[in-house]
Amino acid sequence: MSRNHKVSKYDYDILWSNCTAFGCTLIIMTEKTISGIGVWQEIEGEAIPGFTRVPSDEISDYFGGKTEGLVGLDLGSGSGRSTEVLKKALGCQVYALDLSSRGLKNTDTEVKIQATGEALPFPDNHFDFVYLCGVMTNIVSRIPEISEINRRQVASEILRTLKPGGIIAVSDFSSDHSLTHYPVNYERHKLITNEYGTIAVFETKQKITFRGKTDDEVKALADSPYLVRFAHHYNPDELTRIFESVGFENPKHSMELGTTANATPIENIIFVASKPSK
């Protein structure tokens, strides 16, 4: 272990002991050492940025309802809401992995790992399913090319750790707003984020709006002290392209209603794809 890694007793007891239980080598990283990695940005507190449904039914249907004995990974488990839903609905073991130790402390599951999605600390062909709830939306960077590399790297790591025939399930925000007509102008947000579909999220109490501003004035908001983070909204073709590019097959999706952090209705996309059986 590197001398540069300062690990708390909690981190060591939970992360290292659980890693050795399934025979992999884990590089333990504190929040300080990994906070600069552009995989997804850590969000303060325990709240998920909005509400996206955990597609336990889709996972169960894929396995013909025979889910006992499966091993799954909740990648980006947050405070453990999705982990709990998966465990109760599927009756199987679910590992929780998140960038933040705060959420992991409140997560009720046997195996809890603090790590990034770019380098999953698990052996090949380990999981029957991997689930991402509101994670893809946070794989963002000011440089779109880096965002694309990071998204594909996470997808590639998921493929590697899935068993042949395993499934990836994604629940996230959609850029198709035909159901709710969600009021967002992606072209103007692109002036700040440099990527269509990626929005700039500002402190709510500041009530920052693009209305009445020129394009140059909107672009200048990239340097605003009230800019909290970026978030990317996906369309089905985009998710299909990302996951098929690393080897997934049989992509399927559905659209339904979700909500943003301030309870505004927004489209939620449920996306599933499988790792080839051979």
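These numbers were taken from a predicted model, which means no experiment stands behind them. (Residues numbered from 1 in each chain as written. Predicted model: local features only at pLDDT ≥ 70, side-chain atom pairs only at ≥ 80, totals over all residues. Heavy atoms only, no water.)

(A) Looking closely at the pattern of salt bridges. According to the stated counting rule, one finds 10 salt bridges in the structure shown. Among the salt bridges present, the one from E58 reaches R53, with a minimum N-O distance of 2.8 Å. Overall, the relative accessible area of 26% leaves R53 in the partly exposed class. Taken together, the salt bridges that share partners define one network made up of R53, E58 and E256. (Salt bridge = Lys/Arg side-chain N within 4 Å of Asp/Glu carboxyl O. Buried < 20%, exposed > 50% of the residue type's maximum accessible area, 1.4 Å probe, protein only.)

(B) Representation of helix α4 (residues 81-90) in the model. For α4, every residue scored as buried is listed here: S82, T83, L86 and L90. End-on view of α4: buried residues confined to an arc of 105 degrees, all on one side of the axis. Immediately downstream of α4, the backbone of G91 shows phi near 65 degrees, a positive value. (Helix = DSSP H or I, 4+ residues; strand = E, 2+ residues; numbered from the N terminus. Arc of directions from axis to C-beta.)

(C) Spotlight on helix α6 (residues 144-161). For α6, spanning 18 residues, the distance from its first C-alpha to its last is 26 Å, which sits close to the expected 26 Å at 1.5 Å a residue. Looking at α6, one finds that the buried residues are S147, E148, N150, R151, V154, A155, E157, I158, L159 and T161. Buried residues along α6 sit against β1 (71-75), β4 (127-133), β5 (162-173), β6 (198-202), β7 (227-232) and α9 (236-244). (Expected span 1.5 Å × (residues − 1). Contact = heavy atoms within 4.5 Å.)

(D) Representation of the confidence of the model for the protein chain within the structure. On average, residues of the protein chain carry a pLDDT of 81, and 81% of them reach 70 or more. Contacts for the low-pLDDT stretch residues 1-49, under 50 throughout, to residues beyond four places or in other chains number 105 contacts. (pLDDT = per-residue confidence, 0-100.)

(E) Region of the structure containing the side chain of H232. Its place among the elements puts H232 in strand β7. Take H232: its relative accessible area is 0%, and that puts it in the buried class. Of the polar contacts made by the side chain of H232, one reaches the backbone oxygen of G197; its length is 3.5 Å. Within the structure, the side chain of H232 is placed 2.6 Å from the side chain of T198, a separation counted as a polar contact. (Polar contact = N/O pair within 3.5 Å; in protein donor to acceptor, adjacent residues only side chain to side chain.)

(F) Inspection of the sheet that holds strand β9 (residues 265-274) at higher detail. In spatial order, the strands read β3-β2-β1-β4-β5-β9-β8; together these 7 strands make up an open sheet with mixed pairing. Only two strands of the sheet have a single partner each, and these edge strands are β3 (112-114) and β8 (249-259). Across this sheet, the average inter-strand angle for adjacent strands is 15 degrees, counted without regard to direction. With 3 bridges joining them, strand β2 (residues 93-98) and β3 adopt parallel strand pairing. Counted as the bridge partner of A96 is K112 from β3. Strands in contact with α6 are β1, β4 and β5; relative to β5, the strand with the most contacts, it is inclined by about 145 degrees. This element, α9, spans β5, β8 and β9 of the sheet and lies at about 30 degrees to β9. (Pairing = 2+ DSSP bridges. Axes fitted to C-alpha atoms, helices over the stretch in contact; angles between N-to-C directions.)

(G) Representation of the nonpolar core. Judged by nonpolar contacts, the single largest core of 31 residues is most densely connected at L132, I158 and F243. Looking at this core, the elements that each hand over two or more residues are β1, β2, β4, α6, β5, α9 and β9. Among the elements that make up this core, the one with the highest residue count is α6 (4 residues). Beyond its immediate sequence surroundings of up to four residues, I158 is in contact with L75, L120, V130, L132, I168 and F248. By size, the runner-up hydrophobic cluster in this structure holds 14 residues, among which are V54, I59, Y131 and A169. (Core = buried A, V, L, I, M, F, W, Y, C linked by side-chain atoms within 4.5 Å.)

(H) Up close: the packing of α6 against α9. Relative to each other, α6 and α9 sit at 60 degrees, their axes nearing to 8 Å. Crossing of α6 against α9: the hand is right-handed. Counting all contacts with α6, which are made through E148, R151, R152 and A155, the residues of α9 involved are E238, R241, I242 and F243. Among the residues making up the contact of α6 with α9, the classes are represented as 3 nonpolar, no polar and 5 charged. (Left-handed = near helix turned anticlockwise from the far one by under 90°. Nonpolar A, V, L, I, M, F, W, Y, C, P; charged D, E, K, R; others polar.)

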